[in-house]
Amino acid sequence: MLKTINLQKKYPDFSLDASIEVKAGRIVGLIGQNGAGKSTIFKAILGLIAIDCGEVELLGKEAGKITPQDKESLGVVLSNSGFSEYLTLKGIMPILKSIYPRFDESFFKEQAKKFGLPCDKKIKDFSAGMKSKLKVLVAISHNAKLLILDEPTVGLDVIARDDLLELLREFMEEDEERAVLISSHIASDLEPLCDELYLMDRGKIILHEDTDVLLSDYGLLKINEEQYQKLDKIYLLSKKKENYGYSCLTNEKQYYLDNYPKIVIEKGSIDGIVTAMIRGEKQ
């Protein structure tokens, strides 16, 4: 559905070099701090910026060769995109009909009602959560095959975020050939949704793993100096000096549970793994 191969873009103070892949039937998360390069990848994929090197494939074609008809299969949310805030949902629907031949007006109205989006209220009077849900609803209301969502959960409270994630789950359940690429700088936002995660730091992918594997096989070893010196470090990904000694990230938690029963091993969380990979010293 989507693939970037050695996608490169250089700026005076930033350099992007990233390869990612989104297969049909998968929800893929792109996690990184603000400024890590997530939005740059999205803009490059969509042809909004010129790339210096690399390849982009969309819907099985080179990105430069997709047709206007192909683009109807894309649903896009960018952080700075949206309709005029003086429009209402009633005013938006004719616009969507004219842009997307497959726009499903009844679905749009049904979902708008379900998620508390009033048809007669101007967008400028919507809450941040309502605006975010509207962006995603627009992206999925024309039978898109691939969603590309840049930080759709930013600024949302817990309830609004759960509503939005549920909307995406339902979108995927309706067609196993659909796919989603979604970014966030908050790892825990994507943990319950994504099948796999890419972690970005300073323009590069530093980790790619299935979410289930991250949660089952990864762990943090909490050890003192003596334990660290005696430790087999073959399966350590990073270490971070702490007051008590070291916090070490491993992708083979069971190995250390079996061979070092006296050390403290915390179950991996997405937030903990992200922090360890970015803040820790690579092994």
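The shown structure was predicted, so the numbers you read here are calculated from the model rather than taken from an experiment.

### Focus on the overall build of the chain
Moving on, step 1. Within the chain one finds 11 helices and 15 strands.
Moving on, step 2. Each of the three principal axes of the chain carries a C-alpha extent, and together these read 70 × 40 × 35 Å.
Moving on, step 3. Every one of the 283 residues in the chain was classed for burial, and the buried ones make up 46%.
Moving on, step 4. Sequence-distant contacts, at least 24 apart, represent 68% of the contacts inside the chain between residues at least 6 apart.
Moving on, step 5. For the chain, the exposed surface amounts to about 13,900 Å²; the carbon and sulfur share of it is 48%.
Moving on, step 6. Across the chain, the 39 positively charged side chains and the 45 negatively charged ones have centroids separated by 4 Å.

### Section: unusual backbone geometry
Moving on, step 1. Non-glycine residue Asn143 carries a positive phi angle of around 60°.
Moving on, step 2. Take Asn143: it is sitting in the loop between helix H5 (128-140) and strand E7 (146-149).
Moving on, step 3. You can call Asn143 partly exposed: its relative accessible area is 34%.
Moving on, step 4. The backbone of Glu151 sits at a positive phi, close to 50°, despite the residue not being glycine.

### A few points about the pattern of salt bridges
Moving on, step 1. For the structure shown, the criterion picks out 19 salt bridges.
Moving on, step 2. Close ionic contact of Glu105 with Lys97 constitutes a salt bridge, the shortest N to O distance being 2.6 Å.
Moving on, step 3. Take Lys97: its relative accessible area is 46%, and that puts it in the partly exposed class.
Moving on, step 4. Glu226 is paired through a salt bridge with Lys230; the nearest N and O atoms lie 3.1 Å apart. Of this pair, Glu226 and Lys230 both sit in helix H9 (residues 225-230), 4 residues apart, roughly one helical turn. The pair Glu226 / Lys230 is uniform in exposure class, with both members exposed.

### Let's talk about the nonpolar core
Moving on, step 1. Residues Phe108, Leu134, Leu147 and Ile182 are the most contacted members of the largest nonpolar core, which totals 53 residues.
Moving on, step 2. In this structure, Phe14, Val22, Val28 and Ala36 belong to the second largest nonpolar core, which totals 25 residues.

### Digging into helix H1 (residues 38-45)
Moving on, step 1. For H1, the tally of buried residues reaches 6 of 8 residues, placing the bulk of the element in the interior.
Moving on, step 2. Three or more residues of H1 are buried, namely Lys38, Thr40, Ile41, Phe42, Ala44 and Ile45.
Moving on, step 3. Just downstream of H1, Gly47 is the residue with a positive phi angle, here 75°.

### A short note on the side chain of Thr211
Moving on, step 1. Its location among the elements puts Thr211 in helix H8 (residues 211-217).
Moving on, step 2. For Thr211, a relative accessible area of 2% gives the class buried.
Moving on, step 3. Sequence-distant contacts of Thr211, defined by excluding residues within four places in its chain, comprise Glu191, Cys194, Asp195, Glu196, Leu197 and Ile270.

### Considering the packing of aromatic side chains
In this description, a pair of aromatic rings is defined by centroid distance and the angle of the planes.
Moving on, step 1. Following the criterion strictly, the structure yields 5 aromatic pairs and no others.
Moving on, step 2. Aromatic side chains Tyr255 and Tyr256 sit 5.0 Å apart centroid to centroid with 90° between the ring planes, which places their arrangement in the edge-to-face category.
Moving on, step 3. The partly exposed category is assigned to Tyr255, whose relative accessible area is 25%.
Moving on, step 4. Note on Tyr256: relative accessible area 0%, which makes it buried.
Moving on, step 5. Chaining the aromatic ring pairs together yields one cluster made of Tyr235, Tyr255, Tyr256 and Tyr260.
Moving on, step 6. Lying across the ring of Phe171, Arg178 places its NZ or CZ 4.2 Å from the centre.
Moving on, step 7. Between the NZ or CZ atom of Lys241 and the centre of the ring of Tyr246, over which it lies, the distance is 5.2 Å.

### Side note on the pairing of strand E10 (residues 204-210)
Moving on, step 1. Bridge analysis of strand E9 (residues 196-201) against E10 gives 6 bridges, and the strand direction is antiparallel. Across the sheet, residue Glu196 finds its bridge partner in E10, namely Asp210.
Moving on, step 2. From the end of E9 to the start of E10, which pair antiparallel, there are 2 residues, and Arg202 there has a positive phi angle of about 50°.

### Comments concerning the pairing of strand E1 (residues 2-11)
Moving on, step 1. Looking at chain direction, E1 and strand E4 (residues 53-58) are connected through 5 bridges and run antiparallel. Note that in E4 the partner of Leu2 across the bridge is Leu58.
Moving on, step 2. Pairing analysis gives 8 bridges linking E1 to strand E2 (residues 14-22), with the strands arranged antiparallel. When the sheet's bridge partners are listed, Gln8 is paired in E2 with Asp17.
Moving on, step 3. Once E1 ends, the chain turns through 2 residues before running back antiparallel as E2.

The rules behind the values
Residues numbered from 1 in each chain as written. Predicted model: local features only at pLDDT ≥ 70, side-chain atom pairs only at ≥ 80, totals over all residues. Heavy atoms only, no water. Helix = DSSP H or I, 4+ residues; strand = E, 2+ residues; numbered from the N terminus. Buried < 20%, exposed > 50% of the residue type's maximum accessible area, 1.4 Å probe, protein only. Contact = heavy atoms within 4.5 Å. Areas by Shrake-Rupley, 256 points an atom, 1.4 Å probe, with all protein chains shown as cover. Lys, Arg positive; Asp, Glu negative; His and termini not counted. Charge placed at Lys NZ, Arg CZ, Asp CG, Glu CD. Salt bridge = Lys/Arg side-chain N within 4 Å of Asp/Glu carboxyl O. Core = buried A, V, L, I, M, F, W, Y, C linked by side-chain atoms within 4.5 Å. Phe/Tyr/Trp six-rings, centres within 6.5 Å; stacked < 30°, edge-to-face > 60°. Lys NZ or Arg CZ within 6 Å of the ring centre and 35° of its normal. Pairing = 2+ DSSP bridges.

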